[in-house]
Amino acid sequence: EYDPVPFNAELPWPVFGARCREMPEYLAMGIRGFSFECHNSWATLAPNFYVSAKMMWDANQDSETILNDFYQKYFGPAGDSMAHFYKSLEKILSLYQENVEWGQHDFLTIFTPQKIATGRQAIEAAKKIKSSETYKERIWAVDLGFEYLENYIELRNSVSEKLSYDKYKQKRGRCEEIIDKLYEKNKDYVLRDVAYEYLRKGLGEIASNQYKDDLGLVANWNVIGPFDNTGNQGHEQIFPPEKELVFNNNYPGLNGDNISWQSLENPPWLGKIDFVNFYKESGYACAYAAAFVYSPKKQKVQIRLGSNDSVKIWLNKKLVWENKIGRGVALDDDIVEVTLPKGK
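Residues numbered from 1 in each chain as written. Predicted model: local features only at pLDDT ≥ 70, side-chain atom pairs only at ≥ 80, totals over all residues. Heavy atoms only, no water.

Caption draft 1: Molecular detail of the overall build of the chain. Of regular secondary structure, the chain possesses 14 helices and eleven strands. Considering only C-alpha atoms, the chain reaches an extent of 75 × 50 × 30 Å along its principal axes. Across the 344 residues in the chain, those meeting the buried criterion constitute 40%. Between the averaged position of the 42 positive side-chain charges in the chain and that of its 48 negative side-chain charges there is a distance of 6 Å. (Helix = DSSP H or I, 4+ residues; strand = E, 2+ residues; numbered from the N terminus. Buried < 20%, exposed > 50% of the residue type's maximum accessible area, 1.4 Å probe, protein only. Lys, Arg positive; Asp, Glu negative; His and termini not counted. Charge placed at Lys NZ, Arg CZ, Asp CG, Glu CD.)

Caption draft 2: Molecular detail of the layout of surface pockets. By volume, the second largest pocket is sized at about 270 Å³. Around the second largest pocket sit 17 residues that line it, and Glu1, Tyr2, Trp13, Val15 and Arg19 are the ones nearest its centre. Secondary-structure elements contributing two or more residues to the lining of the second largest pocket are helix H1 (16–28) and helix H5 (79–94). Of all the elements, H1 adds the most residues to the lining of the second largest pocket, at four residues. Counted by class, the lining of the second largest pocket contains eleven nonpolar, one polar and five charged residues. (1 Å grid on protein atoms, 1.4 Å probe; cavity = no way out; pocket = protein on both sides within 12 Å on 5 of 7 lines; lining within 4 Å. Points joined across faces, edges and corners; volume = space filled by probe spheres on them. Nonpolar A, V, L, I, M, F, W, Y, C, P; charged D, E, K, R; others polar.)

Caption draft 3: Structural detail: the pattern of salt bridges. Scanning all chains against the criterion turns up 22 salt bridges. A salt bridge links arginine 19 to glutamate 22, with the shortest nitrogen-to-oxygen separation between them at 2.7 Å. Placement of the pair is arginine 19 and glutamate 22 together in helix H1, with a separation of three residues, close to one helical turn. Overall, arginine 19 belongs to the buried group, its relative accessible area being 2%. Residue aspartate 334 is joined to arginine 327 by a salt bridge in which the shortest nitrogen-to-oxygen separation is 2.7 Å. Given a relative accessible area of 5%, aspartate 334 falls into the buried group. What emerges from the salt-bridge pattern is a single network uniting Arg120, Glu124, Lys127, Asp143 and Glu150. (Salt bridge = Lys/Arg side-chain N within 4 Å of Asp/Glu carboxyl O.)

Caption draft 4: Looking closely at empty space enclosed by the protein. In this structure the tally under the stated criterion is one cavity of 30 Å³ or more. Considered as a void within the structure, the largest cavity measures approximately 50 Å³ in volume. Along the walls of the largest cavity sit Pro12, Ala43, Thr44, Phe85, Tyr86, Leu89, Val142, Gly145 and Phe146, which together make up its complete lining. Elements with a contribution of two residues or more to the lining of the largest cavity: helix H2 (42–45), H5 and helix H8 (133–156).

Caption draft 5: Molecular detail of the sheet that holds strand S7 (residues 285–290). Read from one edge to the other, the open sheet built from three strands follows the order S6-S3-S7, with strand pairing classed as antiparallel. A single partner strand is all that each edge strand has here, and the edge strands are strand S6 (262–264) and S7. Direction aside, the axes of adjacent strands within the sheet are offset by 40° on average. Judged from the three bridges that link them, strand S3 (residues 221–228) and S6 form a sheet pairing that is antiparallel. By the bridge assignment for S6, asparagine 222 is matched with serine 263. (Pairing = 2+ DSSP bridges. Axes fitted to C-alpha atoms, helices over the stretch in contact; angles between N-to-C directions.)

Caption draft 6: The arrangement of the nonpolar core in detail. Met82, Phe85, Tyr86, Phe107, Phe111 and Tyr148 are the most contacted members of the largest nonpolar core, which has 62 residues in total. If you tally residues by element for this core, the top one is H8, at ten residues. Formed by nine residues, the second largest nonpolar core is a distinct cluster that contains Tyr251, Ile259, Cys286 and Ala290. (Core = buried A, V, L, I, M, F, W, Y, C linked by side-chain atoms within 4.5 Å.)

Caption draft 7: Region of interest: the environment of serine 131. As for its placement among the helices and strands, serine 131 is situated in the loop between helix H7 (113–127) and H8. Taking C-alpha positions, serine 131 is 66 Å from aspartate 228, a pair spaced 97 residues apart along the chain. Those residues within four positions of serine 131 in sequence are excluded, and the remaining contacts are Pro77 and Lys136. (Contact = heavy atoms within 4.5 Å.)

Caption draft 8: Region of the structure containing unusual backbone geometry. Of the consecutive residues aspartate 3 and proline 4, the connecting peptide bond is found in the cis state with omega at 10°. Mapped onto the secondary structure, proline 4 falls in the loop between strand S1 (2–3) and H1. Geometrically, the link from glycine 225 to proline 226 is a cis peptide bond, its omega value of -5° lying close to zero. Summarising the element assignment, proline 226 is placed in strand S3. Although it is not a glycine, asparagine 232 sits at a positive phi angle of roughly 60°. Structurally, the position occupied by asparagine 232 is in the loop between S3 and helix H13 (240–243).

Below, the structure written as structure tokens:
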């Protein structure tokens, strides 16, 4: 089992209630062992780990007793308020009727602003209760982790809320600041590198669609393909577009089809070229894209890109970057420094 949902950027994922309900069922089915792939981010994922360990040891325990034990011992005098906080979050997830996909796409429909507000009220009440520094620090960590979720939801809502690019950068920066603060305080509070990686990947598509001009994304392309990539050997092969850039020429492509350059202007996906959608080819294939930019002077710049999977870049017929890799597409996975000459 996964806990949390994979690629969730270490955001809160209150699945402990499901663990309480399911372990007796697994035991009754005759299952004798259980293992998790889980993330050690206590600020956002407690009490998931505590409950899982307890219920795997003895599935016949009373789950409410286990949870109350956690709330009281982990948060001290603020235990009741924190119990209310976690119960409100668990209820949100337990009532969600859709199949949850990997990644962060479901967070927006699961954690609505109204439900987020309920959790915020509970944690604010806990912060006001007098307790020792140890308990205060634990509440502080959970509070920051929840603020991470609040900012993240606003970022996911950037399209409907029409956030300005400056506001988007501010919220995004706050998410990263929270991750850093938690990690610096205690490395067990959040898996920083994992949080950073999947936060960037999850928000990249939103940013590329919503803030194309601010990010300097190229939207107008000439494309040609698909070419054969059987066994992932296309990366090494030199197809005709690498020898000449003649937009009115035709070439033999995948399966012997006659292919030519096509214009791709202002695509609806804006920040990326979806070759699979454009060519309706999902097998072993590769393609080329060409774009023109104008530089008013000779200058050093960065070419930033993501790809699925391997990629090569030419600048004025010169190969300036290649990365043979298996990965999903994400904003700015590769950053290549080049010098642009003056002109087109």
